[in-house]
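So the chains spell out like this:
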Amino acid sequence: MKLTNPWGCDVREYNLLRSDNDVEPSYDIRNESIYFQIYVSPQDEVCIVGNVDHNYICWCSITNLSEKEINAAIINLLLSFSNERMYSTEHRVLGPRYQEIKRWHYFTVRREWYEDHYRYRSPVSNCFFGTPPHNNGVFLVHEIDNFVREERKKCHFRLIDPVYVSILHTYKTLLRKQNNPEYYQEVLPLIKLLENEAYLKLCHDEEVRRVYWECLDQGSSLYNAYMTAVR
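So, here is what we can say about the structure in this document. All figures in this text were calculated on a predicted structure; none of them were measured in a lab. (Residues numbered from 1 in each chain as written. Predicted model: local features only at pLDDT ≥ 70, side-chain atom pairs only at ≥ 80, totals over all residues. Heavy atoms only, no water.)

## A few points about the pairing of strand S1 (residues 35-40)
Phase 1 of the analysis: In terms of residue burial, S1 counts as a mostly covered element, since six of its six residues are buried.
Phase 2 of the analysis: Neither face of S1 is left uncovered, since the one carrying Tyr35, Gln37 and Tyr39 and the one carrying Phe36, Ile38 and Val40 both have all their residues buried.
Phase 3 of the analysis: For S1 and strand S2 (residues 45-51), the ladder comprises six bridges, and the chain directions are antiparallel. Opposite Phe36, over in S2, you have Gly50 as the bridge partner.
Phase 4 of the analysis: The turn joining S1 and S2, which pair antiparallel and follow one another in sequence, is formed by four residues; a positive phi near 70 degrees is taken by Asp44.
Phase 5 of the analysis: Looking at chain direction, S1 and strand S4 (residues 105-114) are connected through five bridges and run antiparallel. Counterpart to Ile38 in the pairing with S4 is Phe107. (Buried < 20%, exposed > 50% of the residue type's maximum accessible area, 1.4 Å probe, protein only. Helix = DSSP H or I, 4+ residues; strand = E, 2+ residues; numbered from the N terminus. Pairing = 2+ DSSP bridges.)

Following this line, the structure appears as structure tokens:
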């Protein structure tokens, strides 16, 4: 099956998973369905990952938000994928960009039981969509656009008063106040509050993103210390 973009290029060429970075799964995943993780950067890059499970992927591409026809063709191709596919891991395929892309904002599209059969559900609009021949790629591209637009609106309203940057710095100071397992439980509500503001990952202001991530990283460090202590 060949799905092309308007310039006649086979969209399979966008797949960063190739013969030099594929792996042989340690268990049988040939009949597993794909679910999507769609990452978007502050600069509007889009990374579409076709996950088979929490260990293996069968697709990973990096395009731009403006490349709507290409992104739609990629999604339609993924929805039609047969069992004849290569497998790898995100870390192996993305290489030096892995840590960067894992910090982008994202949403996940999974299959769920709906009206007597499994269909994919977009968490952006909470709508279900099916499989080809319907142009589900166009639908999901609209969902990506809506996701970015709505999350950036949240950024705008959150930062309408520049004082919020100072608040982020205060959060960072609080999270770094102590570094012991018990302190994690004390600041857990703050960590959850920050996790709910993930839209800041799309903020155009680099300082806001930097301080926000410093807060999340410190929260993660406290969590790791806590889990080590309670094991």
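After presenting the structure, the write-up continues.
## A closer look at the side chain of Thr63
Phase 1 of the analysis: Its place among the elements puts Thr63 in strand S3 (residues 57-64).
Phase 2 of the analysis: There is a polar contact of 2.4 Å between the side chain of Thr63 and the side chain of Asn71.
Phase 3 of the analysis: Leaving out residues up to four positions away in the same chain, Thr63 has contacts with Tyr14, Asp44, Glu45, Val46, Ile70, Asn71 and Ile74. (Polar contact = N/O pair within 3.5 Å; in protein donor to acceptor, adjacent residues only side chain to side chain. Contact = heavy atoms within 4.5 Å.)

## Some details on the pairing of strand S5 (residues 117-122)
Strand residues, when the strand is regular, have side chains that alternate between the two faces of the sheet.
Phase 1 of the analysis: As judged from the five bridges shared by S4 and S5, these two strands associate in the antiparallel manner. Bridge assignment links Glu112 to a residue of S5, and that residue is Arg119.
Phase 2 of the analysis: In sequence, S4 turns back onto S5 through a hairpin of two residues, with Glu115 there showing a positive phi of about 50 degrees.
Phase 3 of the analysis: Looking at chain direction, S5 and strand S6 (residues 127-129) are connected through three bridges and run antiparallel.

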